[in-house]
Amino acid sequence: MKQRIELMKANALYTVLLFLFLSVSLGFSSLANAHNVVGGVYAEGFTIEGEAGFSNGSMANEGTVVKVSDTSGTPLGEAVTDDQGYFVFTAKKRITHVFEINMGAGHILKMQLPAEELPDSLDDVTATTISSNSVASTSDITQSSNNNGQVEDTNQAVIQNQIQNQITPLMLEKAIAKQIKPLRREISALKEKSGMRDIIGGIGYIFGLLGLVAFLRERKLKAKQ
Amino acid sequence: MHIVDGALSSPVLITGAVLTVIGVFIGLKKMDYDHLPLVGVLASVFFIASYIHLPLGFSSVHLIMNGLLGILLGWVAFPALLVALLLQVIFFGFGGLLVLGVNTLNIALPAVIIYYLCYKGIRHESAKVAAIWGAIGGAGAIIITSLMVAFSLALSGESFVLAAKAVLPAHIPIMIIEGFVSYAAVYLIHTVKPEFITKDAH
């Protein structure tokens, strides 16, 4: 009987402890934030733009040094983040750039920008800027040619051709990278978000595991008898 | 407190993993199976405690509770913390699988040190004295853990002083809070369920 009471006392203590922490964690869960670092680098011509921050949405401290090197570790230069966690680095060569940002206390972010994302040469960049101007003029032609029925078809084909030649993959990439930037950040923030379900699930796992250990132990003891 | 994947060099990772395996082995050997539920509750406590973040400037720190775990579990803190840390990696993305060994070592070894340091004090007849030792243990574990984190970062190339400067000040508030929490917990256990503490050492 005495043992039974002891057992009940112990159970009550466990429950109280668990409740305490559950309630506290509930209260604080809005403040919760994960430790993971997130970031990205995007090439726009020879200008490499990047950002660094934590997965909860807060960005790297202003003035955090970004070390830039090639794949073998030879330093190429440094950049400094602004108050939004952004940094800009101008590439001089078409090689793979490695960005390393140390945000302190073991928060290190390493990012790579493959050489393919940089334009072939400096000439290429000027070419794309010129072509973007001419794209504007071709759209004018499209509007004016709308009235001439027959000529339109051939014209359209020519224009299509022209546009295809002029919208380089680089330009497309630039535009797309710009559009998906906020999406990317939202997705990584969402990925890191963990809620009540995870907490309860984790506790469930711990108790399940202990149950398994207890079960195996019991079996072993029974087998001995 | 959780070091992320990629911050440490491989020798540090391997050493941490090996030492953790040894610690877990000793812990499993010494485990008192009658107190299995206690191990589970404390592992859960740690699991949740890491989720309670206190905002601190741009960063945030969280409770660790390894002092309390050490006081109550001794070497068993190793397996208990390994399980909890593994689940944190899976559910919350804290730390990483590769650094699991180092993280477990950094949190469990201070717990074991505290177990031995506060062994006598915790077993004092007076609940108050025991609770004060509990507070010392709770705060002390954080200091040792912070130093170990800084040390692991230093071994991987970062300067120790710089790393320690980054890690230690952030944990001063946590140290104080943990001191109080451990004080309260030890006081409660000492009055309600003293055999958790006074159970024979193995």
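Only a predicted model underlies this, so the values are computations on that prediction, with no experimental measurement involved.

Enquirer: Got a minute to help me understand the UniProt feature "transmembrane region" (unreviewed entry) in chain B in this structure?
Expert: Mapped onto the present numbering, the UniProt feature "transmembrane region" (unreviewed entry) falls at residues 12-29, 35-56, 68-91, 97-118, 130-154 and 166-189 of chain B. Structurally, residues 130-154 of chain B comprises 100% helix and 0% strand, and the distance from its first C-alpha atom to its last is 35 Å.

Enquirer: What is the right way to look at helix 4 (residues 77-92) of chain B in this model?
Expert: The end-to-end C-alpha separation of helix 4 of chain B is 21 Å, in line with the 22 Å expected for 16 residues at 1.5 Å each. The set of residues buried in helix 4 of chain B consists of Ala 77, Phe 78, Pro 79, Ala 80, Leu 81, Leu 82, Val 83, Ala 84, Leu 85, Leu 87, Gln 88 and Phe 92 of chain B. Those residues of helix 4 of chain B that are buried lie in contact with helix 5 (196-224) of chain A together with helix 1 (10-30), helix 2 (36-49), helix 3 (66-73) and helix 5 (100-117) of chain B. Immediately beyond the C-terminal end of helix 4 of chain B, within one or two residues, lies Gly 93 of chain B, with a positive phi of roughly 75°.

Enquirer: How should I be thinking about helix 3 of chain B in this particular structure?
Expert: Along an α-helix, residues three or four positions apart point the same way, because every turn accommodates 3.6 residues. All names here are of chain B. Most of helix 3 is tucked away: eight of the eight residues are buried. The complete set of buried residues in helix 3 reads Asn 66, Gly 67, Leu 68, Leu 69, Gly 70, Ile 71, Leu 72 and Leu 73. Of the residues trailing helix 3, Gly 74 is marked for its positive phi of about 65°.

Enquirer: I keep staring at the environment of Val 181 of chain B and nothing clicks. Help me out?
Expert: Residues and elements named next belong to chain B. Structurally, Val 181 is set in helix 9 (residues 172-192). Take Val 181: there are 21 C-beta atoms within 10 Å of it, and that puts it in the buried class. Spatially, the C-alpha atoms of Val 181 and Gly 138 are 7.8 Å apart, while their sequence positions differ by 43 residues.

Enquirer: What is the right way to look at the sheet that holds strand 4 (residues 75-80) of chain A in this model?
Expert: Strands belonging to one sheet form pairs held by backbone hydrogen bonds; the direction of such a pair is parallel or antiparallel. All names here are of chain A. Reading across from one edge, 4-3-6-7 is the order of the four strands in this open sheet, with antiparallel pairing throughout. Across the chains shown, the open sheet's two edge strands, defined by having one partner strand only, are strand 4 and strand 7 (108-113). On average, adjacent strands in this sheet sit at an angle of 20° to one another, irrespective of strand direction. The pairing of strand 3 (residues 65-69) with strand 6 (residues 97-102) spans four bridges and is antiparallel. Across the sheet, Val 66 pairs through a bridge with Ile 101, a residue of strand 6.

What counts and what doesn't
Residues numbered from 1 in each chain as written. Chains lettered and ligands numbered in written order. Predicted model: local features only at pLDDT ≥ 70, side-chain atom pairs only at ≥ 80, totals over all residues. UniProt positions renumbered as here; feature names shortened; annotations may be inferred. Helix = DSSP H or I, 4+ residues; strand = E, 2+ residues; numbered from the N terminus. Expected span 1.5 Å × (residues − 1). Buried ≥ 20, exposed ≤ 12 C-beta atoms within 10 Å, placed from the backbone. Contact = placed C-beta atoms within 7 Å. Pairing = 2+ DSSP bridges. Axes fitted to C-alpha atoms, helices over the stretch in contact; angles between N-to-C directions.

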